[in-house]
Amino acid sequence: MDAVPMFPLGSPLLPHTPLALRIFEPRYLTMMGRLLDAEDPVFGVVLIERGHEAGGGDQRASIGTLARIVRVEVGAEDLHVLAVGGERATVDRWRDDDPHPVADVTPIPELDWDDALEPVRREAERVVRRVATLASTLGESQWDPNAAVSEDPVESSWQLAAMAPLGAYDQYRLLQATSAGGLLRSVIDLCLEEEPVLVARASDAREDDDD
């Protein structure tokens, strides 16, 4: 795929998960205007690994996710865009800004599913919902820990990965998964590493409330 409009962000977009954007920069308003005239309004989302995109000179991840626009609301000076992550893609080459970032990308095939992984998927869901519920008590969960997930096992695996209360770089590690089993096991391991940290913080918060 050549000359795909790109939107670098401070966190990765995982496949089969929603992305809400408030767009006000002129170059990204131009990008959205062009996309809305396109037959298939797709743009790429990549993680900013270092620096700030607005100031230039940022370093961007080499793997991102293609997003399709599903709804646009027009404000007085901005656009509110809802998109949904689709397939992952590798960035082959960054082009000159036009006026927004543009890249040539190669889509990455979807992860294969084996029904033997279903017990691992159920365990991942149990762990993710438990740890996400704990994070929500600290106001740190971006997803409702009780949110429904897709009946499709691969889609739900990505959605559970997004629901996991992890930092941007851990989420990017998940985005690079090469197998459904590897994705699910990494989700479980990362959540179990994060859980005692959240437990300690929740305990500290309760002690502060008691003082």
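Cut-off values and rules
Residues numbered from 1 in each chain as written. Predicted model: local features only at pLDDT ≥ 70, side-chain atom pairs only at ≥ 80, totals over all residues. Heavy atoms only, no water. Helix = DSSP H or I, 4+ residues; strand = E, 2+ residues; numbered from the N terminus. Rg over C-alpha atoms; globule rule 2.2 N^0.38 Å. Buried < 20%, exposed > 50% of the residue type's maximum accessible area, 1.4 Å probe, protein only. Contact = heavy atoms within 4.5 Å. Lys, Arg positive; Asp, Glu negative; His and termini not counted. Charge placed at Lys NZ, Arg CZ, Asp CG, Glu CD. Axes fitted to C-alpha atoms, helices over the stretch in contact; angles between N-to-C directions. Parallel < 35°, antiparallel > 145°, perpendicular 65-115°, else oblique. Left-handed = near helix turned anticlockwise from the far one by under 90°. Nonpolar A, V, L, I, M, F, W, Y, C, P; charged D, E, K, R; others polar. Patch = residues over 30% accessible without salt bridge, like charges linked within 9 Å, V, L, I, M, F, W, Y side chains within 5 Å. Areas by Shrake-Rupley, 256 points an atom, 1.4 Å probe, with all protein chains shown as cover. Salt bridge = Lys/Arg side-chain N within 4 Å of Asp/Glu carboxyl O. 1 Å grid on protein atoms, 1.4 Å probe; cavity = no way out; pocket = protein on both sides within 12 Å on 5 of 7 lines; lining within 4 Å. Points joined across faces, edges and corners; volume = space filled by probe spheres on them. Polar contact = N/O pair within 3.5 Å; in protein donor to acceptor, adjacent residues only side chain to side chain.

> Just checking my understanding: could you explain the overall build of the protein chain for this structure?
When helices and strands are counted, the protein chain shows five helices and seven strands. The linear arrangement of helices and strands in the protein chain, starting from the amino end, is β-β-α-β-β-β-β-β-α-α-α-α. Relative to a compact globule of 211 residues, whose C-alpha radius of gyration would be 17 Å, the protein chain shows 18 Å and is just as compact. Its C-alpha atoms give the protein chain principal-axis dimensions of roughly 50 × 50 × 30 Å. Taken over 211 residues, the protein chain has a buried fraction of 45%. Summarising the internal contacts of the protein chain: among those between residues at least 6 apart in sequence, 65% fall at separations of at least 24. A gap of 2 Å separates the mean positions of the 19 positive and 40 negative side-chain charges of the protein chain.

> For this particular structure, what's the right way to read the packing of helix H3 (residues 153-163) against helix H4 (residues 168-175)?
Two numbers describe a pair of packed helices, the interaxial angle and the distance between the axes. It is the contact of H3 with H4, at a shortest axis distance of 10 Å, that shows an interaxial angle of 165°. Taken together, the axis directions place H3 and H4 in an arrangement best described as roughly antiparallel. Every pair of crossing elements has a handedness; the one defined by H3 and H4 is right-handed. When H3 is examined against H4, the residues Trp158, Ala161 and Ala162 are found in contact with a partner set consisting of Gln171, Leu174 and Leu175. Split into classes, the residues belonging to the contact of H3 with H4 amount to five nonpolar, one polar and no charged.

> So what exactly am I meant to see when it comes to a negative patch on the surface here?
A contiguous patch of negative charge, built from Glu87, Glu110, Asp112 and Asp152, is present on the exposed surface. Secondary-structure assignment places Glu87 in strand S6 (residues 79-94).

> Quick question: what am I supposed to make of the layout of surface pockets here?
Empty pockets left among the atoms are what a rolling probe the size of a water molecule brings to light. Looking at the largest pocket, its volume works out to about 580 Å³. As for the largest pocket, its lining consists of 23 residues, of which Ser11, Pro12, Gln142, Trp143 and Ala162 are closest to the centre. Elements with a minimum of two residues in the lining of the largest pocket: strand S2 (18-23), H3 and H4. The element best represented in the lining of the largest pocket is S2, accounting for three residues. Of the residues belonging to the lining of the largest pocket, the class tally is 15 nonpolar, seven polar and one charged.

> I'm lost on H3 in this one. Help?
A turn of α-helix holds 3.6 residues, and therefore any two residues three or four places apart point the same way. Across the 11 residues that make up H3, a large majority, nine, are buried. By the burial criterion, the buried members of H3 are Val154, Ser156, Ser157, Trp158, Gln159, Leu160, Ala161, Ala162 and Met163. The backbone nitrogen of Val154 has a side-chain oxygen 3.0 Å away, supplied by the residue at the start of H3, namely Asp152.

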